[in-house]
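Single-letter residue listing:
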Amino acid sequence: MRFTIKRALGNTTQVGLVIVLAIVCVVILTVAFQEFVTSRNAFGIDFYVYWLGGRAIFLDGESPYSDEITRQAQLGILDRIAKPYENQHMYLNPPYGLIPYLPSFWLGYSWAYAFYLALNFVLLAFALRFAFPAAPIWILATVFIFYPVARGLIMGQLSLTIGILFLIVHGILTG
């Protein structure tokens, strides 16, 4: 009985330390990304649309599907209104698609995108280690250079976050 209790406390302490380490990594990476990347470059087209839609619904109480949000997205991405044959940059997902981006809506865009990048880098690294604990580190580190992962990070796509959740579920089911 004591062994089980001691082991459970050890796991709880270990999980707590991992969470604290993850939070510290996210904070450090957010500041680094904002300072060296997002303050100088505006990319993350998909993230920008989510960010505008989330700010509309949570801060302004407006619909993320409104024409005004679409117009703001077009002006922010293209510096003009999109032509009819171009991508309209509308928010098209259901409202629950904004949940992964929730913490970023109260930040300015460069800080919000830096936070998104940092959070996804850290979550992906921890999720990969959790899902595949026996895999060599160098294999896990190379996942960031694969096109779908790199594109998901650069564009700010929801599919990357969903993939991270799948890795976590895989780690829970196989661990």
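Residue numbering note: each chain is counted from 1, following its sequence as written. A pLDDT threshold of at least 70 governs which residues receive local features in this predicted model, and a stricter bar of 80 or more applies before side-chain atom pairs are shown or counted, although totals over entire chains, interfaces and linings include all residues. Think of the side-chain values as coming from all heavy atoms in the structure, minus any hydrogens and water.

*Asks:* Please provide a residue-by-residue account of the overall build of the protein, values included.
*Replies:* On a plain count of helices and strands, the protein comes out with 7 helices and 0 strands. For the protein, the N- to C-terminal ordering of α and β elements is α-α-α-α-α-α-α. In terms of overall dimensions, the protein has a C-alpha envelope of 65 × 35 × 30 Å along the principal axes. For the protein, with 175 residues in total, the buried portion stands at 33%. Residue contacts are counted whenever heavy atoms from the two residues lie within 4.5 Å of one another. Long-range pairs, those at least 24 residues apart, make up 71% of the contacts in the protein with a sequence separation of at least 6. Within the structure as shown, the protein displays about 10900 Å² of accessible surface, and the carbon and sulfur contribution to it stands at 71%. What counts as a helix is a DSSP run of H or I of at least four residues, what counts as a strand is a run of E of at least two, and both are numbered from the N terminus. For every residue, the accessible area (1.4 Å probe, protein chains only) is compared with the maximum for its type, and the residue is labelled buried under 20%, exposed over 50%, or partly exposed between those bounds. The method behind every accessible area is Shrake-Rupley, applied with a 1.4 Å probe, and residues are considered shielded solely by the protein chains displayed.

*Asks:* Give me the lowdown on the nonpolar core, citing residues and values where you can.
*Replies:* Take the buried residues of types Ala, Val, Leu, Ile, Met, Phe, Trp, Tyr and Cys, join any two whose side-chain atoms come within 4.5 Å, and each joined set is a nonpolar core. Core analysis: the largest hydrophobic core is formed by 38 residues, its most contacted members being Phe47, Trp51, Tyr101 and Leu124. Every residue in contact with Leu124, bar those within four places of it in the chain, is listed here: Val143, Phe144, Val149, Ile164 and Leu167.

*Asks:* Tell me about the side chain of Gln74, and name the residues and values.
*Replies:* One can find Gln74 in helix α3 (residues 67-78). Residue Gln74 is classed as buried on the basis of its relative accessible area, which comes to 4%. What Gln74 contacts, discounting residues up to four positions off in sequence, is Asp79, Arg80, Ile81, Ala82 and Gln88.

*Asks:* Any chance you could break down the packing of aromatic side chains for me, citing the residues and the numbers?
*Replies:* Note on ring pairs: Phe, Tyr and Trp rings are taken, using the six-membered ring of Trp, and paired if centres are within 6.5 Å. Classes follow the plane angle, with under 30 degrees stacked, over 60 edge-to-face and the rest tilted. Following the criterion strictly, the structure yields 19 aromatic pairs and no others. Where Tyr50 meets Tyr101, the ring centres are 4.5 Å apart and the plane angle is 15°; that geometry is what we call stacked. Of this pair, Tyr50 sits in helix α2 (residues 45-58) while Tyr101 sits in the loop between α3 and α4 (109-131); the two residues are 51 residues apart in sequence, bridging distant segments of the chain. Measuring from centroid to centroid gives 6.3 Å for Phe105 and Trp106, while their planes differ by 45°, and the two rings are tilted. On the basis of relative accessible area, Phe105 is assigned to the buried category, the value being 0%.

*Asks:* Explain a nonpolar patch on the surface to me, and be specific about the residues and the numbers.
*Replies:* Two joining distances apply to patches: 9 Å for like charges and 5 Å for nonpolar side chains (Val, Leu, Ile, Met, Phe, Trp, Tyr), and every residue must have over 30% relative accessible area and no salt bridge. Think of a salt bridge as a Lys or Arg side-chain nitrogen and an Asp or Glu carboxyl oxygen that are within 4 Å of each other. On the surface, a nonpolar cluster with roughly 600 Å² of combined accessible area is contributed by Val15, Ile19, Ile23, Val27, Val31, Leu107 and Trp111. Its place among the elements puts Val15 in helix α1 (residues 2-38). Residue classification places Val15 among the partly exposed residues on the basis of a relative accessible area of 48%.

Worth remembering: the numbers are spatial, not functional.
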